Amino acid sequence: MQTTFGSGQPGRENTDLAFTDPLTGLGNHRRFFDKVDRLISDRADDPAPFTVGILDLDGFKPINDLFGHKAGDDILIQVAMRLRASMDGYSTVCRIGADEFAYLYPMVFSEEQAAEKSRMLIEILSAPYDVGERTARLSASVGCSLFYSGDETTEILINKAETALYHAKRSGRGRVVVYTREMEEAAKRVTRIEQALRRAVSAGEVEPHFQPIVDLNTRRTIGFETLARWSDRDLGMVPPSVFIPIAEERGIIGPLSQLVLRKATEAARSWPKDLFLSFNLSPSQLVDQNTGLHILAILDRTGFDPRRLEIEITETGLMTDPASAEKIVEDLRRVGIRVSLDDFGTGQSSLGRLREFHFDKLKIDRAFVSSILDDRPSEHIIRAILAMCEGLGMDVVAEGIEEEAQADRLVQFGCAGGQGYLFGKPADADATLGYLRDSYRGALRAKAI
Ligand code: C2E
Ligand code: MG
Ligand code: MG
């Protein structure tokens, strides 16, 4: 490419080649950037916005694998032809990646119009493709962004369309998402939280809180679940439902989890020895083979007995890479750590997984418990889960118990373990120690009587 431009007088043909995708004959990413650059300078004095879109074929790779590369190329050529045919005299479409196309609509001024025109492209691409004797079907996802002000560069505009495309892909196939200012605000807030969280983790400022888990028949506390708590100087209290997913997505979950586990096991060392400590692991930790080693190293350092530790994982955590998850779980179980299946019934529950994996305990999600008194289906589901756990030899804990009547009903159905605000809200290490001292004194007094 260098020689084309460095040869003094570039031939028109060579310059064109440098801007053309050889397979489809459409412009390539350089052509696209060039077109957008030019339009931005044309619009410097013209207040009219314009639209950039990025279209990504859904599941093109499996089609390529199934029909072969030659057929894959044929499909891409047909896609390019359809897209080109659907452009008007002002618009441009280019191929900017293997199965990624970009288009420029200089005369599309609003988000609604951008979404409508993009949906039409998806529709056009959804008609079957001839592949020799056979036909193939494709869907596509689109992310769009609109140019509003002279501050935006081509790169910014395309990055925004890529962000919108990422949202479209995450929400399913065949979707169109237009980049909005709210998305920008949300993205900024996530970045602020990420930066504050990184600082907090290295300064050791995330704290474990503990929520009691009780024997429903005797109401005796049998263990505690560790729940991470973080309060930032500027952001205030940030709930784990917000910061845990950000920690996962931005690669902070490993150090965060190690910090919380270290503090939690240090606190739990002074509890009565028959109490267990439960700890949540995130899905991304189950694809990282270092997770097991880190946990064992922390237990070694704090001197906490692994047989008193339980790990809570969710079905989502097992789905990404079941083989990796199984290996981590096996390594942990070998030293006596017990494994619970958390939030059962809400994720993509697969009973098959209960056959493949052995869990020591199952936690019934709060969604069922909160409706146990007034919703017949929830009642039946809970009874079925309890029967299944009995058959499979698993302990059960019902989560989110807030009322006496719910606890009574669960006892009546034969549920042995419970957790929820009725028995105690999550509390910090000092308050938990105080709670244990009080209940221990209470038990001694009861014995003396
Ligand atoms: P989870 O593991 O299912 O934890 C139970 C959640 O239910 C906790 O929310 C707890 O405070 C809440 N809860 C308990 N009893 C009741 C009740 O009676 N009523 C209601 N309304 N809520 C109740 P929290 O602390 O906000 O944590 C949310 C989630 O964040 C946890 O769900 C867990 O998935 C995750 N999480 C928290 N700490 C950690 C951590 O250290 N590591 C990882 N990986 N995830 C964590
Ligand atoms: Mg949990
Ligand atoms: Mg749970």
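Throughout, residues of each chain are indexed from 1 in the direction in which the sequence is written. All chains are assigned letters beginning at A, and all ligands numbers beginning at 1, according to the order in which they are written. Reporting in this predicted model follows two pLDDT cut-offs: at least 70 for local features of residues, and 80 or more for side-chain atom pairs to be given and counted; totals over whole chains, interfaces and linings ignore these cut-offs and use all residues. Each side-chain value is derived from all of the structure's non-hydrogen atoms; neither hydrogens nor water enter the calculation.

**Some points on the domain arrangement of the protein chain**
Interfaces are often sized by the amount of accessible area the parts lose when they come together.
Okay, so step 1: By domain assignment, the protein chain separates into domain 1 (18-179) and domain 2 (194-448).
Okay, so step 2: Placing a centre on the C-alpha atoms of domain 1 and another on those of domain 2 gives a separation of 45 Å. For the purposes of this description, domain bounds are those given by an automatic or database domain assignment.

**Overview of the coordination of the magnesium ion (ligand 3)**
Okay, so step 1: Metal coordination here is assigned from N, O and S atoms located within 2.8 Å of the ion, or within 3.2 Å for Na, K and Ca; omission of water means that sites may look incomplete. Protein-derived ligands of the magnesium ion (ligand 3) are Asp342 (OD), Asp343 (OD), Glu399 (OE) and Glu399 (OE), with the metal-ligand distances lying across 2.1 to 2.7 Å.
Okay, so step 2: Taken as a pair, the magnesium ion (ligand 3) and the magnesium ion (ligand 2) show a spacing of 3.7 Å, with Asp342 coordinating each metal.

**Points about the environment of Pro283**
Okay, so step 1: Only DSSP runs of H or I reaching four residues or more are called helices, and only runs of E reaching two or more are called strands; each is numbered from the N terminus. Following the sequence through the fold, Pro283 ends up in the loop between strand 11 (276-280) and helix 11 (290-302).
Okay, so step 2: When its relative accessible area of 22% is taken as the criterion, Pro283 is described as partly exposed.
Okay, so step 3: In this structure, the C-alpha to C-alpha distance between Pro283 and Gly317, residues 34 residues apart in sequence, is 3.7 Å.
Okay, so step 4: The residues touching Pro283, leaving out its near neighbours within four places in the chain, are Glu248, Thr314, Thr316 and Gly317. Whether a residue is buried, partly exposed or exposed follows from its accessible area with a 1.4 Å probe, protein chains only, as a fraction of its type maximum: under 20%, in between, or over 50%, in that order. It only takes one pair of heavy atoms within 4.5 Å for two residues to be counted as in contact.

**A word on the site of ligand 1**
Okay, so step 1: Ligand 1 sits among 21 residues. The nearest are Arg229, Asn280, Ser282, Glu402 and Tyr421.
Okay, so step 2: Between ligand 1 and the protein, one listed contact pairs an oxygen atom with a backbone N or O atom of Tyr421 at 2.9 Å.
Okay, so step 3: All accessibility values rest on the Shrake-Rupley procedure with a 1.4 Å probe; residue burial counts only the protein chains present in the view. For ligand 1, the protein covers 83% of the area, taking 800 Å² as the surface of the free molecule.
Okay, so step 4: According to the grid-proximity analysis, the pocket containing ligand 1 is the largest pocket.
Okay, so step 5: Elements represented by at least two residues in the shell around ligand 1 include exactly strand 9 (221-232), helix 9 (240-249) and strand 13 (338-344).
Okay, so step 6: Amino acid classes used here: Ala, Val, Leu, Ile, Met, Phe, Trp, Tyr, Cys and Pro are nonpolar; Asp, Glu, Lys and Arg are charged; the rest, including Gly, are polar. Tallied by class, the residues present in the shell around ligand 1 amount to eight nonpolar, five polar and eight charged. Being near a molecule or strand, for a residue, means having at least one of its heavy atoms within 4 Å of it. Identification of polar contacts relies on pairs of N or O atoms within 3.5 Å, with a donor-acceptor requirement for protein atoms, meaning one able to donate a hydrogen and the other able to accept it, and with residues adjacent in sequence counted only if both atoms are side-chain atoms. We place a 1 Å grid over just the protein atoms. Points where a 1.4 Å probe fits but has no way out form a cavity, open points with protein on both sides within 12 Å along at least 5 of 7 lines form a pocket, and any residue with an atom within 4 Å of a point lines it. For this analysis, a molecule is said to be in a pocket or cavity if more than half of its atoms are within 2 Å of the grid points defining it.

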